[in-house]
Amino acid sequence: MRDLNDYDVVIIGGGPIGCITGEHIKNGKVLIVEEHQSIGVPLQCAGLISKNGVKELGNPKRIVNKVRGAYIYSKNSMAKIGNEEIRAYVFERKVMDKDIAIRASKKCDFLLKAYGEIEKDKDGYKVKIKHLGEDIVLKPKVIVGADGAKSITGKKLGLINNKNREILSSCQFEMVNADVDDDFVYIFLDRRYSERFFTWIIPMGKDRVRVGLIDKGNCHNKLMKFITEHEIAMEILKNATITEFSTGSLPIGYLDRAFKDNVLLVGDAACHVKPLSGGGLYFGAIGGKIAGEVISKYLNGEIDSLAPYDKKWKETFGNEIKNGLRVRKFLLKLGEDTLDELIGKLAKSDLIDYINKHGDMDRQASLAIKVLKSLDLTGKTFPERSSVLVV
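The shown structure was predicted, so the numbers you read here are calculated from the model rather than taken from an experiment.

What counts and what doesn't
- Residues numbered from 1 in each chain as written.
- Predicted model: local features only at pLDDT ≥ 70, side-chain atom pairs only at ≥ 80, totals over all residues.
- Heavy atoms only, no water.
- Helix = DSSP H or I, 4+ residues; strand = E, 2+ residues; numbered from the N terminus.
- Rg over C-alpha atoms; globule rule 2.2 N^0.38 Å.
- Contact = heavy atoms within 4.5 Å.
- Areas by Shrake-Rupley, 256 points an atom, 1.4 Å probe, with all protein chains shown as cover.
- Lys, Arg positive; Asp, Glu negative; His and termini not counted.
- Charge placed at Lys NZ, Arg CZ, Asp CG, Glu CD.
- Pairing = 2+ DSSP bridges.
- Buried < 20%, exposed > 50% of the residue type's maximum accessible area, 1.4 Å probe, protein only.
- pLDDT = per-residue confidence, 0-100.
- Salt bridge = Lys/Arg side-chain N within 4 Å of Asp/Glu carboxyl O.
- Disulfide = S-S within 2.5 Å.
- Phe/Tyr/Trp six-rings, centres within 6.5 Å; stacked < 30°, edge-to-face > 60°.
- Lys NZ or Arg CZ within 6 Å of the ring centre and 35° of its normal.
- Axes fitted to C-alpha atoms, helices over the stretch in contact; angles between N-to-C directions.
- Parallel < 35°, antiparallel > 145°, perpendicular 65-115°, else oblique.
- Left-handed = near helix turned anticlockwise from the far one by under 90°.

A few words on the overall build of the protein. Of regular secondary structure, the protein possesses eleven helices and 19 strands. Its C-alpha atoms give the protein a radius of gyration of 21 Å, within 12% of the compact-globule value 21 Å for 391 residues. A separation of at least 24 residues holds for 73% of the contacts in the protein among residues at least 6 apart in sequence. As displayed, the protein offers around 17,200 Å² of accessible surface, 48% of which is attributable to carbon and sulfur atoms. Across the protein, the mean location of the 62 positive side-chain charges is 3 Å away from that of the 53 negative side-chain charges.

Structure below.
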């Protein structure tokens, strides 16, 4: 490793998006600071990634299953979406994350088991690192906050707060000996188990599954209730055994600014997350590449500010996040009976064929708006315009 004072860029967070950001900085010396002792742990993602998402991530290792569609359940209804086309891939996330990190290591250095935070003094922002009992202070030209949903970097910059984003909790089991249709994921829009998001069963192959949910809190107890009480889950998991338990956090929101001075945010820290599915790797990877491009120009002296980063990510996927927040706000206002009506009418409509032909996992909001405007829900009409404030 180089002299620690020799780095032009310090990235706080060694997850996939931090690594992709570093990988795409074409010049300068880059250090990635990761608080855990190994890349890829702890597991904090369901590992279901769209085909385009896989490309944006650089086609990493290791796919364990291919998915053609989804069974979407409300409390009393079900719609099946999908055909023979492969829609997404399920990854062994620990292997995938490490593969992306190995790629990044060809251009970046890593400091593991190191906790980094920004601090400001009269000369601007610096990074204070705690590493194996030693305090290290670095003053790079650029700092990247890739420190996840609860980003300390974003909070210290004053860019994230409880008004522009909501933090949800997740809980997930990996289970074996499940009896599952491994071509389809199972999505449960059932408020008995998740009031503010949904529950899932994602097949990892013939008899392995990830079973999880996202909600405001108490996720472990809610997931156990789902496994032991829900008719579909009980049938799929009747002989299954839990082999891994993981928890995490999910940010849902939109930042008007994702940079300040010489610091910018990427990935979950920047709320680059699909509001309807919680997926953060597709937008995160695109945003990380944009960040790498802007940082390269900044280091070269082609630009004198990181402001182009905000402009470009907003142009690329900002409206999709805003529209996703509109749809989510509408759906949260629906009662159980209306959700049943929605899924029941969808299952019987020609929209299934339209979704199978034109559906895009990475542009979910645009499709959801078309579906909601097409279905005649009792007493409910999707608004033409709506606030994007988190609810």
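The sheet built from six strands is open, its strands ordered 8-2-1-12-19-18 with mixed pairing. Taken across any chain shown, the strands that pair with only one partner, and hence form the sheet edges, are strand 8 (108–111) and strand 18 (259–260). Relative to strand 8, strand 2 (residues 30–33) runs parallel, the two being bridged by four bridges. Residue pairing for strand 8: Ile32 is matched across the bridge by Phe110.

Summarising burial for strand 16 (residues 209–215): seven of the seven residues are buried, a large majority. The alternating pattern of strand 16 places Val209, Val211, Leu213 and Asp215 and Arg210, Gly212 and Ile214 on opposite faces, both of which are buried. Here seven bridges tie strand 13 (residues 165–176) to strand 16, and the two strands are oriented antiparallel to one another. Counterpart to Ser170 in the pairing with strand 16 is Ile214. Of the strand pairs in this sheet, strand 15 (residues 199–203) and strand 16 are connected by five bridges, and their pairing is antiparallel. The partner of Ile201 across the bridge, within strand 16, is Val211. Between strand 15 and strand 16, which pair antiparallel one after the other, the connecting turn spans five residues, and Gly205 there sits at a positive phi close to 145°.

Here Lys61 and Arg62 are connected by a cis peptide whose omega angle stands at 5°. Backbone geometry at Leu132 places phi at a positive 50°, although glycine is not the residue there. Relative to the assigned elements, Leu132 resides in the loop between strand 10 (124–131) and strand 11 (134–138). Under the relative-accessibility criterion, Leu132 is labelled exposed at 68%.

Okay, the confidence of the model for the protein next. Summing up the model confidence of the protein, the mean pLDDT is 93 and the portion of residues at 70 or higher is 97%. Low pLDDT, under 50, characterises residues 386–391; the predicted model gives this stretch 19 contacts beyond four residues in sequence or across chains.

Attention now goes to the pattern of salt bridges. Under the definition given, this model contains 31 salt bridges. The closest approach of N and O atoms between Arg196 and Glu166, which form a salt bridge, is 2.7 Å. One end of the pair, Arg196, is in the loop between strand 14 (184–188) and strand 15; the other, Glu166, is in strand 13, and 30 residues separate them in sequence. Its salt-bridge partner being Lys312, residue Glu293 comes within 3.2 Å of it at the nearest N-O pair. With Glu293 in helix 7 (residues 281–300) and Lys312 in helix 8 (residues 307–332), this residue pair connects regions lying 19 residues apart in the sequence.

We now examine the state of the cysteines. Tallied over the entire structure, the rule returns zero disulfides. With no disulfide partner, Cys108 has as its closest neighbouring cysteine sulfur the one in Cys19, 7.4 Å distant. Cysteine Cys219 shares no disulfide, and the gap to the nearest cysteine sulfur, in Cys171, comes to 6.4 Å. Owing to a relative accessible area of 6%, Cys219 belongs among the buried residues under this scheme.

In this structure the tally under the stated criterion is 13 aromatic pairs. Aromatic side chains Phe173 and Phe245 sit 5.6 Å apart centroid to centroid with 55° between the ring planes, which places their arrangement in the tilted category. Of this pair, Phe173 sits in strand 13 while Phe245 sits in strand 17 (residues 241–253); the two residues are 72 residues apart in sequence, bridging distant segments of the chain. Residue class for Phe173 comes out buried when judged on its relative accessible area of 3%. Ring centres of Phe188 and Phe226 lie 4.9 Å apart, and the angle between their planes is 65°; on these two criteria the pair is classed as edge-to-face. Of this pair, Phe188 sits in strand 14 while Phe226 sits in helix 5 (residues 219–229), and the two are 38 residues apart along the sequence. An identical accessibility class is assigned to Phe188 and Phe226; each is buried. Aromatic ring contacts, followed pair by pair, group Tyr254, Tyr282, Phe283, Trp313 and Phe317 into a single cluster. A cation over a ring is seen here: Arg257 above Phe259, with NZ or CZ 4.8 Å from the ring centre.

In this structure, Lys120 sits in strand 9 (residues 114–121). Sequence spacing of Lys120 and Ser105 is 15 residues, and the spatial spacing of their C-alpha atoms is 28 Å.

Interhelical geometry of helix 7 versus helix 8 gives an angle of 165° and a closest axis separation of 9 Å. Classed by the angle they form, the pair helix 7 and helix 8 counts as roughly antiparallel. As helix 7 packs across helix 8, the resulting crossing turns out to be right-handed. Residue-level inspection shows Phe283, Ile286, Gly287, Ile290, Ala291, Glu293 and Val294 of helix 7 in contact with helix 8, the latter providing Pro308, Tyr309, Lys312, Trp313, Thr316, Phe317, Glu320 and Ile321.

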